Amino acid sequence: MDELDKKLYHDLNLEIEVPSECEIIINEALNKSTKRYSLAKLITTVCAMFLLTVGIVYAGTNIYDKIWTTPEKVVGFSSEENTITEEQQKSVMTETEARERSEEILEKFGYKDEKINSVELKNNQANYELTWYINTDKKTNISFNAEKGEDFSLSIDTILYENIQKYRTTEEEAEKTARDLCKKYGYDLNEYNYTKMTSNMNSEDESYIWYVHFYKKYDGIVNPGEYIYVSFIPEVNKIYQFCVSNKKFENNPIKITEEEAKGIALKEEQKITTRYNVKDINVELNIVQMNGDAYLRINDYDQLHEQTSANYPSEKTINYRTDNRIRRAWVVTINYDIPVSLDKFNGSYNKNDEKFSYYIDTTTGEIIGGSSIYEVNSNR
């Protein structure tokens, strides 16, 4: 028994249920075989071969379904792409329900006197979630997940036209105010154990709008899809924006090593030519949201360069739509050595050559997304 036989025999033993498709293959192999084979070896070998062909990852003593599928190409995002099928309509809130949900949000935040002007159901160019968009007579904007309306965003844009430039506070007081506002509107922050503070100016002495994110963490890492966000004007404590997002982390296990992830990313990066030498590579464990950015980089790099240039027409912009999943991944960031003397304004320079981060799923080893603006240690 060679090493592969031993591994298969140990990890895919006879206690594992044999898929029906495997039973057919095994029976045919036994009937046709003129040699003597161990039944256990035959079953485990055939099962392993079958799993590889039907999109299942074999890792150690566990078997995992592959999660990545070829993303859908979306060119621009015109009204044609926003066509909602009858089947999609049945799976989400009706317009009447969307209006009722909007009125609940308006009342909760003290805007119950505003009248709804428009209600529109739209597709998402990045993933397959449908969203209701609502606008009021006072220009208040609301959007929420069309399935249940639990995740929502409220924006009071008219506040920007008030005399708000005179208000100030410190960062410490801004966080306290944000927490008080969440409590005021019924949101418990006990499970949100990471706070990110930013403002509209470079220093707190100049800032008059504060943006505060409260995130949930898992094993010390932020879930980017699970947060409460509040933006407000200090002193008067008027809300500019309020968002709630509850996109759950799948908590997938780590079966791929850091070195394996690095190798997967480098092999993928070899498919394109950046004209520069690799300066360094950083690998870190993170929680990421699946996207089509890495797929676009590898499969349409010239197009990516064109559409990231200034004044590129939005109707020609290409995106790749994926499922909206949040997974644990190795983020492999490849940084390139860009010469200091390079003229970045002559039209030939491609900012996408500076760096790129690949998201390598820690369970399946698949590339499930990426980013050209990922910041190392950003979610700690």
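Residues numbered from 1 in each chain as written. Predicted model: local features only at pLDDT ≥ 70, side-chain atom pairs only at ≥ 80, totals over all residues. Heavy atoms only, no water.

Participant: Looking at this model, I keep getting lost on the overall build of the protein chain. Mind explaining?
Facilitator: Helix and strand counts for the protein chain come out as 9 helices and 16 strands. Taken across its 380 residues, the protein chain has 44% of its residues classed as buried. Here the analysis covers contacts within the protein chain between residues at least 6 apart in sequence; of these, 66% occur between residues at least 24 apart. When the accessible surface of the protein chain is split by element, carbon and sulfur atoms take 46% of a total near 21,500 Å². (Helix = DSSP H or I, 4+ residues; strand = E, 2+ residues; numbered from the N terminus. Buried < 20%, exposed > 50% of the residue type's maximum accessible area, 1.4 Å probe, protein only. Contact = heavy atoms within 4.5 Å. Areas by Shrake-Rupley, 256 points an atom, 1.4 Å probe, with all protein chains shown as cover.)

Participant: I keep staring at a negative patch on the surface and nothing clicks. Help me out?
Facilitator: A surface patch of like charges, here negative, comprises Glu-171, Glu-204, Asp-205 and Glu-206. Within the element layout of this structure, Glu-204 appears in the loop between strand 8 (194–199) and strand 9 (210–218). (Patch = residues over 30% accessible without salt bridge, like charges linked within 9 Å, V, L, I, M, F, W, Y side chains within 5 Å. Salt bridge = Lys/Arg side-chain N within 4 Å of Asp/Glu carboxyl O. Lys, Arg positive; Asp, Glu negative; His and termini not counted. Charge placed at Lys NZ, Arg CZ, Asp CG, Glu CD.)

Participant: Would you mind showing me how to read the packing of aromatic side chains here?
Facilitator: Each pair of aromatic rings is reported with the distance of its centres and the angle of its planes. Applying the stated rule across the entire model yields 12 aromatic pairs. When the ring of Tyr-359 is compared with that of Tyr-374, the centres are 6.3 Å apart and the planes differ by 70°; the resulting orientation is edge-to-face. Of this pair, Tyr-359 sits in strand 15 (residues 355–361) while Tyr-374 sits in the segment after strand 16 (367–371), and the two are 15 residues apart along the sequence. A relative accessible area of 8% means that Tyr-359 is categorised as buried. Relative accessible area serves as the criterion here: at 8%, Tyr-374 is assigned to the buried category. Every member of this aromatic cluster is reached through a ring pair, and the members are Phe-109, Phe-152, Tyr-185, Tyr-187 and Phe-242. Directly above the ring of Tyr-133 sits Lys-122, whose terminal nitrogen or CZ lies 5.3 Å from the centroid. (Phe/Tyr/Trp six-rings, centres within 6.5 Å; stacked < 30°, edge-to-face > 60°. Lys NZ or Arg CZ within 6 Å of the ring centre and 35° of its normal.)

Participant: Would you take a moment to explain the nonpolar core for this structure?
Facilitator: Nonpolar side chains in soluble globular proteins tend to be buried together. Membership of the largest hydrophobic core comes to 37 residues, with the highest contact counts inside it found for Phe-109, Trp-132, Phe-144, Phe-152, Tyr-187, Val-230 and Phe-242. Of all the elements, helix 6 (residues 171–184) adds the most residues to this core, at 4 residues. Beyond its immediate sequence surroundings of up to four residues, Phe-242 is in contact with Phe-109, Phe-152, Ser-153, Leu-154, Cys-182, Tyr-187, Ile-228, Tyr-229 and Val-230. Judged by nonpolar contacts, the second largest core, of 28 residues, contains Ile-221, Leu-296, Ile-318 and Ile-326. (Core = buried A, V, L, I, M, F, W, Y, C linked by side-chain atoms within 4.5 Å.)

Participant: I keep staring at the sheet that holds strand 14 (residues 326–337) and nothing clicks. Help me out?
Facilitator: The strands making up a sheet are joined through hydrogen bonds of the backbone, oriented either antiparallel or parallel. The antiparallel open sheet is built from 4 strands, whose spatial order is 12-14-15-16. One side of each edge strand has no neighbouring strand; the edge strands of this open sheet are strand 12 (277–289) and strand 16. On average, each strand axis in the sheet is tilted by 25° relative to the strand beside it, whichever way the strands run. Bridge analysis of strand 15 against strand 16 gives 4 bridges, and the strand direction is antiparallel. Among the inter-strand pairings, Tyr-358 is bridged to a residue of strand 16, identified as Gly-370. Contacts from helix 7 (residues 258–269) reach strand 12, strand 14, strand 15 and strand 16, with the element oriented near 55° to strand 14. (Pairing = 2+ DSSP bridges. Axes fitted to C-alpha atoms, helices over the stretch in contact; angles between N-to-C directions.)

Participant: Please clarify how the layout of surface pockets should be interpreted in this entry.
Facilitator: Using a probe with the size of a water molecule, rolled over the atoms, empty space left in the structure can be pinpointed. Considering only enclosed or pocket space, the largest pocket measures out at about 770 Å³ in volume. Counting residues per element, the lining of the largest pocket draws most heavily on strand 12, which supplies 4 residues. When the residues that make up the lining of the largest pocket are grouped by side-chain class, the tally is 12 nonpolar, 14 polar and 4 charged. Its boundaries defined by the atoms lining it, the second largest pocket holds a volume of some 530 Å³. Thr-131, Tyr-133, Ser-143, Ser-153 and Lys-247 are the residues nearest the centre of the second largest pocket, which is lined by 27 residues in total. For the lining of the second largest pocket, the secondary structure elements donating two or more residues are strand 4 (116–122), strand 5 (131–136), strand 6 (140–145), strand 7 (152–156), strand 10 (221–233) and strand 11 (238–246). Partitioning the lining of the second largest pocket into residue classes produces 9 nonpolar, 13 polar and 5 charged. (1 Å grid on protein atoms, 1.4 Å probe; cavity = no way out; pocket = protein on both sides within 12 Å on 5 of 7 lines; lining within 4 Å. Points joined across faces, edges and corners; volume = space filled by probe spheres on them. Nonpolar A, V, L, I, M, F, W, Y, C, P; charged D, E, K, R; others polar.)

Participant: Which parts of the structure should I look at to understand the pattern of salt bridges?
Facilitator: Charged atoms that come close allow side chains of opposite charge to pair. Considering all chains together, one arrives at 20 salt bridges under this definition. Put simply, Glu-175 and Arg-179 hold a salt bridge, and the shortest N to O gap is 3.2 Å. One end of the pair, Glu-175, and the other, Arg-179, are both in helix 6, 4 residues apart, so they sit about a helical turn from each other. Classification of Arg-179 by relative accessible area gives partly exposed; the value is 31%. Taking the shortest distance from any N to any O, the salt bridge between Arg-325 and Glu-250 comes out at 2.8 Å. Placement of Arg-325 in the loop between strand 13 (318–321) and strand 14 and of Glu-250 in the loop between strand 11 and helix 7 is noted, with a sequence separation of 75 residues between them. A relative accessible area of 32% means that Glu-250 is categorised as partly exposed. Through salt bridges with shared partners, a single network forms among Glu-191, Lys-216, Glu-226 and Lys-248.

Participant: Before we go on, may I ask you to explain the pairing of strand 9 in this structure?
Facilitator: It is a general feature of regular strands that their side chains alternate between the two faces of the sheet. Of all 9 residues in strand 9, 7 are buried, a share of seventy percent or more. Here strand 8 runs beside strand 9; their pairing, made up of 6 bridges, is antiparallel. The partner of Tyr-194 across the bridge, within strand 9, is Tyr-215. The pairing of strand 9 with strand 10 spans 8 bridges and is classified as antiparallel. Residue pairing for strand 10: Phe-214 is matched across the bridge by Ile-228. In textbook terms, the turn of a hairpin is the stretch between consecutive antiparallel strands, and for strand 9 and strand 10 this stretch comprises 2 residues, one of which, Asp-219, has a positive phi near 55°.

Participant: Got a minute to help me understand unusual backbone geometry in this structure?
Facilitator: For residues that are not glycine, phi is negative in most cases, and the peptide bond is trans in most cases. For Asn-251, which is not a glycine, the phi torsion comes out positive at approximately 55°. Tracing the backbone shows Asn-251 in the loop between strand 11 and helix 7. Using a relative accessible area of 46% as the deciding quantity, one classes Asn-251 as partly exposed. The phi angle at Arg-275 is positive, at roughly 75°, despite the residue not being glycine.

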